Amino acid sequence: MNEKKDDLVDGVKRLGGEVRKVSNSTALAIAAAIGVVAALGWNEAMKAIFALFLSAEATPAVLVGYAIFATVVAMLVGKWAKKEDAQAASAS
């Protein structure tokens with residue numbers, strides 16, 4: 001009887017671990033989806049700012065300029081985040 005009980009307890013523990021893995025995966029997927037929505041919002045804001053300062057029409061040159069600017073900003077933010085992460089890691 002104890003052996004069956006131990007098998008049942010082990011099975012429940014394994015199932016709990018699998019549920020946690022699925023929960024983590026779901027949470028990561030939701031966070032990624034929210035990140036995409038935020039990025040799209042920022043994209044629209046940046047396009048509106050560019051339209052105000054450059055022209056109302058989205059010519060290819062304006063779109064390329066926007067893409068280059070957005071890429072540079074993304075790279076700078078990425079470098080800053082990496083630097084902050086390295087400092088936090090070395091502090092702990």
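Fair warning: this is a prediction, and the values are worked out from it, not measured in the lab.

Definitions and cut-offs
Residues numbered from 1 in each chain as written. Predicted model: local features only at pLDDT ≥ 70, side-chain atom pairs only at ≥ 80, totals over all residues. Heavy atoms only, no water. Helix = DSSP H or I, 4+ residues; strand = E, 2+ residues; numbered from the N terminus. Buried < 20%, exposed > 50% of the residue type's maximum accessible area, 1.4 Å probe, protein only. Areas by Shrake-Rupley, 256 points an atom, 1.4 Å probe, with all protein chains shown as cover. Patch = residues over 30% accessible without salt bridge, like charges linked within 9 Å, V, L, I, M, F, W, Y side chains within 5 Å. Salt bridge = Lys/Arg side-chain N within 4 Å of Asp/Glu carboxyl O.

(A) Region of interest: the overall build of the protein. Within the protein one finds two helices and zero strands. Out of the 92 residues in the protein, the part that is buried amounts to 4%. When the accessible area of the protein is evaluated, it comes to approximately 7900 Å², of which 70% is carbon and sulfur surface.

(B) Focus on a nonpolar patch on the surface. Residues V64, I68, V72 and L76 make up a contiguous nonpolar surface patch of roughly 370 Å² in combined accessible area. By the element assignment, V72 lies in helix α2 (residues 60-91). Classification of V72 as partly exposed rests on a relative accessible area of 42%.

(C) Expanded view of the environment of I49. Looking at where I49 falls in the secondary structure, it is placed in helix α1 (residues 2-53). Given the relative accessible area of 39%, I49 is considered partly exposed. With 17 residues separating them along the chain, I49 and Y66 place their C-alpha atoms 10.0 Å apart.

(D) Structural detail: the environment of N43. Structurally, N43 can be placed in helix α1. Here N43 falls in the partly exposed class, since its relative accessible area comes to 24%. Along the sequence, N43 and Y66 sit 23 residues apart, while their C-alpha atoms lie 9.7 Å from each other.

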